[in-house]
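Observations on chain architecture
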Amino acid sequence: MRTKIVGTGSYVPEHIATNDDLAKIVDTSDEWIRTRTGICERRISEGIGTSKMASRASRNALENAKIKAEEIQLILLATSTPDHHFPSGACEVQADIGAIHAAAYDISAACSGFLFALNTAHSFIQSGCYETILVIGVDCMSKVVDWSDRGTCVLFGDGAGAVVMKGETGTEADTNASGLLHMIMGSDGTKGSVLSCEARTVGNFLTGTKPNFGTVAMDGQEVFKFAVKKMPEIIEQLMRESELTIEEVRYFVLHQANYRISESIAKRLKVSMEQIPMNIDRYGNTSAGSVPILLDELNRQGRLKEGDLLALAGFGAGLTWGAALVRW
Ligand code: ACO
């Protein structure tokens, strides 16, 4: 079987928080944020939670794919900021959009989550288990960042992206036919402390543990170093294992964490920034939402032509990293 992306969708909250807005709550400046990260503004949800954002992106993707919710057989939702411990966000989306025939569950791999979910969906399709899968990447980072920590709160934004994937007769080995051609995933749990967010708990009456409102903790420079090394490595691996070359790639659709990280990847791969589309200036780092939001923007702007080769790649807490090579 071959796996095709047949529709894309996204949703970002309406409220825009500019760098100047953040400079009113922490000791920072528009100049610092722009030059260090490339971010000018981000969207912050006002009462629309993770699952609702995911449902809106999913509806857009279904519309774009011209597929009815009842046709979906599996929903994979990648997030690290679910509204509830249970039910899962995927089940909430299922109920919301009326995907009554779907199995639904969440996947947690932080900013790599969408790529992990996409690759999982690809494997299910290839194995013949499912034919039509809705894959969502969504995060509402505004509810887990410490709004008094200038080192992290300026980096993130809220948003959701989704794709509909469909199985078609054919083989992955035919690299000229459209579909997902190759995938990579990896994790290094020994580096977990570099980027973390403790689970929220109400405490434990036996141990006397107090309530915990975990927020994002990050060693920014370590994450930076990891990203600029790992991302080019996995893209090169993706191309090598697919027996295709970097020169054949039209766009590198990368996780939006920092403009300087993307510039460094471009330099290492010897490609121009024109091939690395960015929207971090408008949305900041939307974690699992970033790759599918960007993909949807490219799709809706008509920038993706049939036959274009796309290298999707992301990295995040865990540490985790993932990539997928897609012939559009
Ligand atoms: N405004 C003003 N000053 C700040 C701010 C801010 N918002 N944040 C930090 N600073 C200060 C620091 O306190 C430090 O001051 P000091 O020199 O007096 O101690 C100074 O700026 C430099 O700080 P650095 O941390 O060295 O700045 P750096 O150039 O490394 O940039 C950044 C920090 C933007 C976080 C960068 O390291 C980065 O982008 N790292 C990658 C982060 C990332 O990608 N995270 C998401 C991962 S994906 C996921 O899974 C969630």
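Let me sum up the structure you'll find in this document. (Residues numbered from 1 in each chain as written. Predicted model: local features only at pLDDT ≥ 70, side-chain atom pairs only at ≥ 80, totals over all residues. Heavy atoms only, no water.)

1. A word on helix H5 (residues 113–127)
What counts here: By definition, any uninterrupted DSSP run of H or I lasting at least four residues is a helix, any uninterrupted run of E lasting at least two residues is a strand, and each is numbered from the N terminus. Given the number of residues in a helix, its expected span is that number minus one, multiplied by 1.5 Å. Exposure classes here rest on a 1.4 Å probe applied to the protein chains alone. A residue is buried below 20% of its type maximum, exposed above 50%, and partly exposed in between.
Taking 1.5 Å of rise per residue, 15 residues should cover 21 Å, and H5 covers 21 Å from first to last C-alpha, within 8% of that figure. For H5, the complete set of buried residues consists of Gly-113, Phe-114, Leu-115, Phe-116, Ala-117, Leu-118, Asn-119, Ala-121, His-122 and Ile-125.

2. Digging into the sheet that holds strand S7 (residues 158–168)
How we decide: Between any two strands, pairing holds if DSSP finds at least two bridges. Note on geometry: axes are lines fitted to C-alpha atoms, helical ones only across the stretch in contact, with angles between N-to-C directions running from 0 to 180 degrees. Whether two residues are in contact is decided by their heavy atoms, any of which lying within 4.5 Å being enough.
Pairing in this open sheet of five strands is mixed, and the strands run S1-S7-S6-S4-S5 from one edge to the other. Single-partner strands in this sheet number two, and they are strand S1 (2–11) and strand S5 (103–107). Shown here is a sheet whose adjacent strand axes are inclined to one another by a mean of 20 degrees, direction ignored. Against the sheet, helix H3 (residues 50–65) contacts S1, strand S4 (74–78), strand S6 (132–140) and S7, and its axis sits at roughly 125 degrees relative to S1.

3. Brief notes about unusual backbone geometry
Geometrically, the link from Phe-86 to Pro-87 is a cis peptide bond, its omega value of 0 degrees lying close to zero. Inspection of the secondary structure assignment puts Pro-87 in the loop between S4 and helix H4 (89–97). Between Gly-318 and the following residue, Leu-319, the backbone shows a cis peptide bond with an omega angle of -10 degrees. Of note in the backbone geometry, Lys-66 takes a positive phi value of approximately 55 degrees without being a glycine. Position of Lys-66 among the secondary structure elements: in the loop between H3 and S4. At Lys-270, a residue that is not glycine, the phi angle is positive and equals roughly 60 degrees.

4. A look at the site of the ligand
Selection rule: The rule for a residue being near a molecule or strand is that one of its heavy atoms must lie within 4 Å of it. Any pair of nitrogen or oxygen atoms within 3.5 Å is treated as a polar contact; in protein, a donor-acceptor pairing is required on top of that, and neighbouring residues in sequence qualify only through side-chain atoms on both sides. Shrake-Rupley sampling with a 1.4 Å probe provides the accessible areas, and residues are treated as covered by the protein chains on show and by no other component.
Taken together, the neighbourhood of the ligand is formed by 26 residues, with Thr-28, Arg-36, Cys-111, Gln-221 and Asn-258 sitting nearest. At a separation of 2.7 Å, an oxygen atom of the ligand approaches a polar side-chain atom of Arg-36. Take Arg-150: an N or O atom from its main chain is 2.9 Å from a nitrogen atom of the ligand. When isolated, the ligand has an accessible area of 1000 Å², and the protein chains bury 73% of it. Among the elements of the structure, helix H2 (30–37), helix H6 (150–153), helix H7 (220–242), helix H8 (259–269) and strand S12 (309–316) are those that each provide at least two residues to the shell around the ligand.

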